[in-house]
Amino acid sequence: MIGKAAVSAISVILVVGVALAIVGVVQHQSSSKSDSASDQISTQQKAVSAFCGKTDYQEICQKTLTPVADQGVKDPKEFLKAALQSTINEVSKALNFSDDLIKNVSSSTPRVKMEAEDCKDLLQFAVDELQASFSMVGESNVNNMTDKATEIKNWLSAVISYQTSCLDGLSEAPEYQSLMGKNLQNASSLTSNALAIVSELGAILKAYGLEFNIKPSSGSRRLLGEDGYPTWFSASDRKLLAARGARPNAVVAKDGSGQFKTISAALAAYPKNLRGRYIIYVKAGVYNEYITVTKDQKNVFIYGDGPRKTIVTGNKSNKGGFSTFKTATFSAIGQGFIAKSMGFTNTAGPEGHQAVALRVQSDMAVIYNCRMDAYQDTLYVQAHRQFYRNCVISGTVDFIFGDSATVIQNCLIIVRKPMDNQQNTVTAHGRADKRETTALVIHNSRIVPERKLFPVRFRFPTYLGRPWKEYARTVIMETTLADFINPAGYLPWSGDFALATCSYFEYGNRGPGATFRRRVKWRNVRVIRRSEALQFTVNSFIQGNYWLKTTGAPYLPALKN
């Protein structure tokens, strides 16, 4: 019995030992799985944190990108695509709402209907450029994603401009403006987030280089081929532009001596699937017509017999019942637009209030040896990269305005006599997000009063600018400022709006109006150093060295002195 008891005890001990061993193994395996799962969650959270950490709207960013991380995705391209796709979806919803808005607006309020239609156009532009950004990311590989950042930031900055312009246009109808604002809220947040991610892309990729297997970047994306012409140029197009005196595709003349009597008719003949330039020569004359170079009409080059001889004119105005967007005599939307030796005017006068002579939305646009004459809101530099050279621009209130990356170089800026109750402001920049790559740069130019204003120039205060949007940014450098410039330099938009966030920089200016000591004491109004001024030159700021050389316009690539 004692022996059996001993055997039984040993058996029990063995059984218990085996059981404990099994439990230990199971617990170890379970612990290993738990640790592995924990590591996986940690990696996923790390990826989402990397992309969302620099954004201003982190909650919606995490909501957007967590599903990508949950799938175990490690390719950074997929995170960026997800950020862009969610933005496309939200802007598309707002676009659909604008359709509903147009249908529901009473026929008795044609102005509001027009503004809702403007919203639809602007949001369609936004969707198109978001899709272009998505395609660019999709076509790239992880090793050259940072090369694409400049282009994508350019497009995303334009998308923000379109959204704010849509809302601004509905200011006459606060109820509809509020409804559209609610529909655009997520879209605006996601666009800002996407811009933040692209702006910080280099740091994100560097921080997670091992996980994403990043290789060193090969350098900036070339906008030109090895021969100095844009990569989309055909061989025949290169020969055409290399030859002197390239023949126009269309000749416009009021007297019937050309192929067309109107500019509109010449543009309507724009060939489908064109590659290269579509050149329109407009003979001397005053052309009373409203022109739009559409987004599908890329690389239009229009030239005349001189800015005082070939003139496109109109008189639509805000007071006349038109939205600011629709007052433009001439609108250039298609990429790569060039105008040379042309005049653009709006004759609505100061009583018409907002009345645009030229509106430019085209990316890589060049306006050379042209005149833009009106009063309030003469030149609408709406979006993208623009360059103005040897031009005359005249007006009164906010007469150079918009949210683009624009350099105005070697130009004469003429301030006109306003109405008795008005003050003059040369610029009103519309940068609404701190990461937008936009600013208005006036370089090596002159700002002077017109003859009518000169005798009474001190009766009408004239300022260099006022902040239209929260992060307005204007740079005036190596420019002559006449004595009528108010010593304060800049005027508030409304109360203390944007005074702590806007930026007004000056560098190397000359003339009695350039004295800086009495400028307003806002946080970012200052004289900048040379190293900072170089960031706003043609080559650095609008990448002019990649595309301006083929346009025929002269330009200073850096500072003059």
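Residues numbered from 1 in each chain as written. Predicted model: local features only at pLDDT ≥ 70, side-chain atom pairs only at ≥ 80, totals over all residues. Heavy atoms only, no water.

### Observations concerning the state of the cysteines
Rules: Pairs of cysteine sulfur atoms within 2.5 Å are identified as disulfides in what follows. Per the convention used, a helix needs a DSSP run of H or I reaching at least four residues, while a strand needs a run of E reaching at least two, with both numbered from the N terminus. Buried, partly exposed and exposed residues are distinguished by accessible area as a fraction of the type maximum, computed with a 1.4 Å probe on protein chains only: under 20%, between the cut-offs, and over 50%, respectively.
Under the criterion given, the structure shown has 2 disulfides. Each sulfur of the disulfide joining cysteine 52 and cysteine 61 lies 2.1 Å from the other. With the S-S bond torsion at -85 degrees, the cross-link from cysteine 52 to cysteine 61 turns out left-handed. Note on cysteine connectivity: cysteine 119 is disulfide-linked to cysteine 166, with sulfurs 1.9 Å apart. The chirality of the disulfide connecting cysteine 119 with cysteine 166 is right-handed, given an S-S dihedral of about 90 degrees. Of the two residues, cysteine 119 is situated in helix α4 (residues 110–139) and cysteine 166 in helix α5 (residues 149–169); the sequence distance between them amounts to 47 residues. For cysteine 166, a relative accessible area of 1% gives the class buried. Cysteine pairing in the chain follows 1-2, 3-4, where each cysteine in a disulfide is numbered by its order in the sequence. The closest cysteine sulfur to the non-disulfide-bonded cysteine 370 is located on cysteine 391, 5.1 Å from its own sulfur. Cysteine 370 gets classed as buried once you look at its relative accessible area, which sits at 1%. Of the cysteine sulfurs around cysteine 411, a residue in no disulfide, the closest is that of cysteine 391, at 4.5 Å.

### Examining the packing of helix α2 (residues 58–70) against helix α3 (residues 76–104)
For any two helices packed against each other, the geometry comes down to the angle between their axes and how far apart the axes lie. Heads up, the condition is: Only the stretch in contact is used when a helix axis is fitted, and all axes are lines through C-alpha atoms; the angle between N-to-C directions ranges over 0 to 180 degrees. Throughout, the term roughly parallel applies to angles under 35 degrees, roughly antiparallel to angles over 145, roughly perpendicular to angles from 65 to 115, and oblique to all others. Two helices crossing with the near one rotated counterclockwise from the far one by less than a right angle form a left-handed crossing, whereas a clockwise rotation gives a right-handed crossing. The contact definition used throughout considers only heavy atoms, calling two residues in contact when any of these lie within 4.5 Å. When residues are grouped by polarity, Ala, Val, Leu, Ile, Met, Phe, Trp, Tyr, Cys and Pro land in nonpolar, Asp, Glu, Lys and Arg in charged, and all others, Gly among them, in polar.
Where α2 contacts α3, the two axes come as close as 9 Å, and the packing angle between them is 140 degrees. Comparing their axes, α3 and α2 come out oblique. Like other packed secondary-structure pairs, α2 and α3 cross with a definite hand, here right-handed. Note on element contacts: α3 touches α2 through Glu78, Phe79, Ala82, Ala83 and Ser86, opposite Thr64, Leu65, Val68 and Ala69. For the contact of α2 with α3, the class distribution of residues is 6 nonpolar, 2 polar and 1 charged.

### Describing the pattern of salt bridges
To be explicit about the condition: Whenever a carboxyl oxygen of Asp or Glu lies within 4 Å of a side-chain nitrogen of Lys or Arg, that contact is scored as a salt bridge.
For the structure on display, the rule yields 18 salt bridges. The partner of aspartate 398 in a salt bridge is arginine 466, and the shortest N-O contact between them spans 2.7 Å. Of this pair, aspartate 398 sits in strand β16 (residues 397–402) while arginine 466 sits in the loop between β22 (462–465) and β23 (473–477), and the two are 68 residues apart along the sequence. The class of aspartate 398 is buried, set by a relative accessible area of 4%. Using a relative accessible area of 16% as the deciding quantity, one classes arginine 466 as buried. The salt bridge involving glutamate 532 is made with arginine 526; its shortest N-O contact spans 2.9 Å. Glutamate 532 sits in the buried class, given a relative accessible area of 14%. Residue class for arginine 526 comes out partly exposed when judged on its relative accessible area of 29%. Overlapping salt bridges, with partners in common, bring together Asp56, Lys434 and Arg435 in one network.

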